[in-house]
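Listed here are the chains, written in short residue letters.
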Amino acid sequence: IQAEDIFVLDVRAPEDFEKGHIPGAYNVNFTGGEIAGLLDRLPMDQEIFVLCYSGQMANQVNGALNVAGFNSKAITGGANNWNNASLPLEETGANPLSAAPSVSEPKTDADKLAWEAAEGYLGSVVSAETRNMMAAAALHEALQADASKFYVIDIRVPKADNYDQGHIEGSHFYSWGDLEKNIDSFP
């Protein structure tokens, strides 16, 4: 980061970012879809590392950024793993992505289409109303009320160390690599 070889994007809530973040990171809240209008602030000529709390939100952002042509990676396990490894987090206040200069733009018509797709995804899927996430307790309660309304997929690998040791009753195991070839079988 200090050598300006990489760009760190922290998608946690601003109040959590301000309590401690990777030195030099920029922040944009995953919830709310603000990032959809800020792709031009992300560098096309650097690796982008996306950090969230546990890795789940970062992977959603990461996927969309890669579709748009960025060289993006999610930081495995998010801030939880960063903290568990006793790596430093600074309290330097806010550093919003919106304050970063515009450094990128789509170059070709294909790039423009890819950016539009990424912006559409990030702007809708990660809004406060449609963030495609559900708290564990809420899912448990909903499954108890009517499990037939849900198709729960468990992608934790290795299966023997995770799913086989315990899983949500009625859930279905698929390895991440097998999801695409089985998607037609999902209800």
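Given the structure is predicted, the values throughout are model-derived calculations rather than measurements.

**Student:** So what about the layout of surface pockets? Which residues, and what values?
**Tutor:** Roughly 280 Å³ of internal volume is contained in the second largest pocket. Around the second largest pocket sit 15 residues that line it, and Glu4, Ile6, Phe7, Tyr26 and Gln46 are the ones nearest its centre. With three residues, strand 1 (residues 6-10) is the single largest residue contributor to the lining of the second largest pocket. Residues that form the lining of the second largest pocket fall into these classes: ten nonpolar, three polar and two charged.

**Student:** How would you summarise the environment of Trp82 if you had to cite specific residues and measurements?
**Tutor:** Its place among the elements puts Trp82 in helix 3 (residues 78-84). Note: C-alpha distance between Trp82 and Ile22 (60 residues apart in sequence) is 8.9 Å. Ignoring any residue separated from it by four or fewer positions in sequence, one finds Trp82 in contact with Ile22, Leu87, Pro88 and Leu89.

**Student:** Residue-level account of the packing of aromatic side chains, with values.
**Tutor:** Within the structure shown, the criterion is met by five aromatic pairs. Each residue in the set Tyr151, Tyr174 and Phe186 is aromatic and connected to the rest through ring pairs, giving one cluster.

**Student:** I'd like a rundown of the side chain of Ser104, residues and numbers included.
**Tutor:** Tracing the backbone through its elements, the reader meets Ser104 in the loop between helix 3 and helix 4 (109-125). Since its relative accessible area comes to 8%, Ser104 is described here as buried. Separated by 3.2 Å, the side chain of Ser104 and the backbone nitrogen of Met44 make a polar contact. Look past the residues within four positions of Ser104 in its chain and what remains in contact with it is Leu39, Asp40, Leu42, Pro43, Met44, Phe70 and Trp115.

About the thresholds
Residues numbered from 1 in each chain as written. Predicted model: local features only at pLDDT ≥ 70, side-chain atom pairs only at ≥ 80, totals over all residues. Heavy atoms only, no water. 1 Å grid on protein atoms, 1.4 Å probe; cavity = no way out; pocket = protein on both sides within 12 Å on 5 of 7 lines; lining within 4 Å. Points joined across faces, edges and corners; volume = space filled by probe spheres on them. Helix = DSSP H or I, 4+ residues; strand = E, 2+ residues; numbered from the N terminus. Nonpolar A, V, L, I, M, F, W, Y, C, P; charged D, E, K, R; others polar. Contact = heavy atoms within 4.5 Å. Phe/Tyr/Trp six-rings, centres within 6.5 Å; stacked < 30°, edge-to-face > 60°. Buried < 20%, exposed > 50% of the residue type's maximum accessible area, 1.4 Å probe, protein only. Polar contact = N/O pair within 3.5 Å; in protein donor to acceptor, adjacent residues only side chain to side chain.

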